[in-house]
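# Coordinate analysis (summary)
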Amino acid sequence: MSTLNYKHLRYFWMVAKTGSIARAAEQLHLTPHSISGQLSEFANSLGVELFRRVGRKLELTDTGRRIVSYAEAIFNTGDELLELVRDQAFATTSYRVGCADSVSKLIAVDLVEPALRLKDPVKLICREGRLDSLIADLAVHRLDLVVADRPIPGHFSVRAYNHLLGESPMTAFCTETLAATFDQPFPACLHNAPMLLPGEDFAIHQRLLRWLERCDVHPRVVGEFDDSAMIQAFGRSGAGVFFAPSVIAAQVSSQYGLVALGEVESVVEQVYAITTERRMSHPATVAISRLARDKLFARGDGRGESAGEGRGGD
């Protein structure tokens, strides 16, 4: 046998899947006689028996079952190829972004949105998760960009680069009902107040704790959360005071109907774009960086200017 006859292989595969020549013929829009003849030719060309007849049924031989597994892989791969071609013909290039849980969703949306307004459109695919998992996906090119609140952790041996998009001080928020119970100015009003803190995975976690200690303020920590959206959701419910970047203070107040108690200028949250590019060149990445520099993190005091870049692990 010099080459494999894929038409015969498909006929055989269809008979194996449907369990009978008649049903396979119906699926393939052929006559049972034609299918039967093609099967005989295929078996003869391979020099093996593919089916044995048990009563009125066809039963795969051991060799037939092994060939079916190969046929399954071959035709599934073919279907994937056709899907890829269709995607290329009717869709746009994909741009895959991973957003760390610790990054505010409002910031992430504002940052990534320019990718949808490029001259040459891209299909935006967003993934959310823990930073370690996202960096692993970036390393094997499942992602084009990771948005994070810190540079690549030192234990990663990944050839990637940290691009500081900007930084923002933090603002404390709570419901009007909770704010009405405070009789001290900020930050003294936080003493014994119910507080929602970001989890230890947040780069801001220890900075907030140190700031509270310096202020000699000891709130009642009623919850710690590993997802920024969960913190804001519990804050909106009135469960406690929480912190969010000041650059989205107006959005947090208007969207959730919350009160801004005060700003903590000495506690700064940073936002990084982590890529495998030393110099950002992908149009979507460039657009994200430009928006961060010119709009989202632009401040009169110069804070939030896109800083230099650093390399991750080798």
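I will try to describe carefully the structure that is included in this document. Only a predicted model underlies this, so the values are computations on that prediction, with no experimental measurement involved. (Residues numbered from 1 in each chain as written. Predicted model: local features only at pLDDT ≥ 70, side-chain atom pairs only at ≥ 80, totals over all residues. Heavy atoms only, no water.)

## Here's the deal with empty space enclosed by the protein
Summed over all chains, the structure comprises one cavity of 30 Å³ or more. By volume, the largest cavity amounts to about 110 Å³. Lining the largest cavity are 15 residues, with F202, S228, F243, A244 and P245 sitting closest to its centre. Those elements that place two or more of their residues in the lining of the largest cavity are α8 (204–214), α9 (228–236) and β9 (242–245). (1 Å grid on protein atoms, 1.4 Å probe; cavity = no way out; pocket = protein on both sides within 12 Å on 5 of 7 lines; lining within 4 Å. Points joined across faces, edges and corners; volume = space filled by probe spheres on them. Helix = DSSP H or I, 4+ residues; strand = E, 2+ residues; numbered from the N terminus.)

## Brief notes about the nonpolar core
L111, V146, L190, V241, F243, V252 and I274 are the most contacted members of the largest nonpolar core, which totals 71 residues. The element contributing the most residues to this core is strand β10 (residues 259–275), with seven residues. A domain-level breakdown of this core finds at least three residues from each of domain 2 (94–166 + 271–295) and domain 3 (167–269). Apart from residues lying up to four places away in sequence, V146 is in contact with G98, L131, L134, I135, L138, Y272, A273 and I274. (Core = buried A, V, L, I, M, F, W, Y, C linked by side-chain atoms within 4.5 Å. Buried < 20%, exposed > 50% of the residue type's maximum accessible area, 1.4 Å probe, protein only. Domains from an automatic or database assignment. Contact = heavy atoms within 4.5 Å.)

## Remarks on the environment of V48
Tracing the chain through its elements places V48 in the loop between α3 (32–46) and β1 (51–54). With relative accessibility at 30%, the residue V48 sits in the partly exposed group. Sequence separation between V48 and G154 is 106 residues; the distance between their C-alpha atoms is 58 Å.

## Considering the pairing of strand β7 (residues 194–198)
The buried fraction of β7 amounts to five of the five residues, a majority that puts the element mostly inside the structure. Residues P194, L196 and P198 point to one face of β7 and M195 and L197 to the other, with burial holding for every one of them. In the sheet, β7 pairs with strand β8 (residues 220–225) via five bridges, with the strands oriented parallel. Bridging across to β8, P198 finds its partner in F225. Assessed by its sense of winding, the connection that carries the chain from β7 through α8 to β8 is right-handed. (Pairing = 2+ DSSP bridges. Right-handed = clockwise from strand over helix to strand, strands pointing away.)

## Considering the environment of S266
Structurally, the position occupied by S266 is in strand β10. Residue classification places S266 among the exposed positions, given a relative accessible area of 54%. Residues S266 and E59, 207 residues apart in the sequence, show an inter-C-alpha distance of 75 Å. In contact with S266, not counting residues within four places along its chain, are W211 and R214.

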